[in-house]
Amino acid sequence: ADVKVAFTAARSATRAAWEFSDTDDGPLTAMAAKALAGSAQQTASTHCFQVHGGIAFTVEHGFQQWVRRGLVLDRLLGGHEQLTREVGALLIETARVPRIPQLY
């Protein structure tokens, strides 16, 4: 359930970032979408490691490749922890909240 909620939020944020890309909220929405996607990847990896057990840590199992790919993509242009702090700082600095996207 945690993974489903995280990926639904990331998917909705990605759609919002695409829809709002030509507005003033575009950069902020894109940062929030990337932060949510990185957080969803971390949540999914944590839960999947528990489901797979010790075999998921080994090179023989393909799951470790997906985790590595997710970690690299999360770190490109800022990790989700860093982007979450930046989004919060921007919201405080501008003293306004952007439009909230519709969940799909």
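Now for a quick tour of the structure. (Residues numbered from 1 in each chain as written. Predicted model: local features only at pLDDT ≥ 70, side-chain atom pairs only at ≥ 80, totals over all residues. Heavy atoms only, no water.)

### Observations regarding the nonpolar core
One finds Leu28, Met31, Ala35, Leu83 and Val87 forming the largest nonpolar core, which totals five residues. Every element with two or more residues in this core is listed here: α2 (26-52) and α4 (80-94). At three residues, α2 tops the list of elements feeding residues into this core. If we skip the residues at most four places from it in the chain, Val87 touches Leu28, Met31 and Ala32. (Core = buried A, V, L, I, M, F, W, Y, C linked by side-chain atoms within 4.5 Å. Buried < 20%, exposed > 50% of the residue type's maximum accessible area, 1.4 Å probe, protein only. Helix = DSSP H or I, 4+ residues; strand = E, 2+ residues; numbered from the N terminus. Contact = heavy atoms within 4.5 Å.)

### Details of the packing of aromatic side chains
The geometry of two aromatic rings is summed up by the distance between their centres and the angle between their planes. All chains considered together, the criterion is met by zero aromatic pairs. Arg69 extends its terminal NZ or CZ atom over the ring of Trp66, reaching a point 4.8 Å from the ring centre. (Phe/Tyr/Trp six-rings, centres within 6.5 Å; stacked < 30°, edge-to-face > 60°. Lys NZ or Arg CZ within 6 Å of the ring centre and 35° of its normal.)

### Description of the packing of α2 against α4
Axis separation between α2 and α4 bottoms out at 8 Å; the angle between their running directions is 145°. In the packing of α2 onto α4, the handedness of the crossing is left-handed. Taken together, the residues of α4 that come into contact with α2 (itself represented by Leu28, Met31, Ala32, Lys34, Ala35, Gly38, Ser39 and Gln42) are His80, Glu81, Leu83, Thr84, Glu86, Val87, Leu90 and Leu91. When the residues that make up the contact of α2 with α4 are grouped by side-chain class, the tally is eight nonpolar, five polar and three charged. (Axes fitted to C-alpha atoms, helices over the stretch in contact; angles between N-to-C directions. Left-handed = near helix turned anticlockwise from the far one by under 90°. Nonpolar A, V, L, I, M, F, W, Y, C, P; charged D, E, K, R; others polar.)

Keep in mind these values describe shape, not function.
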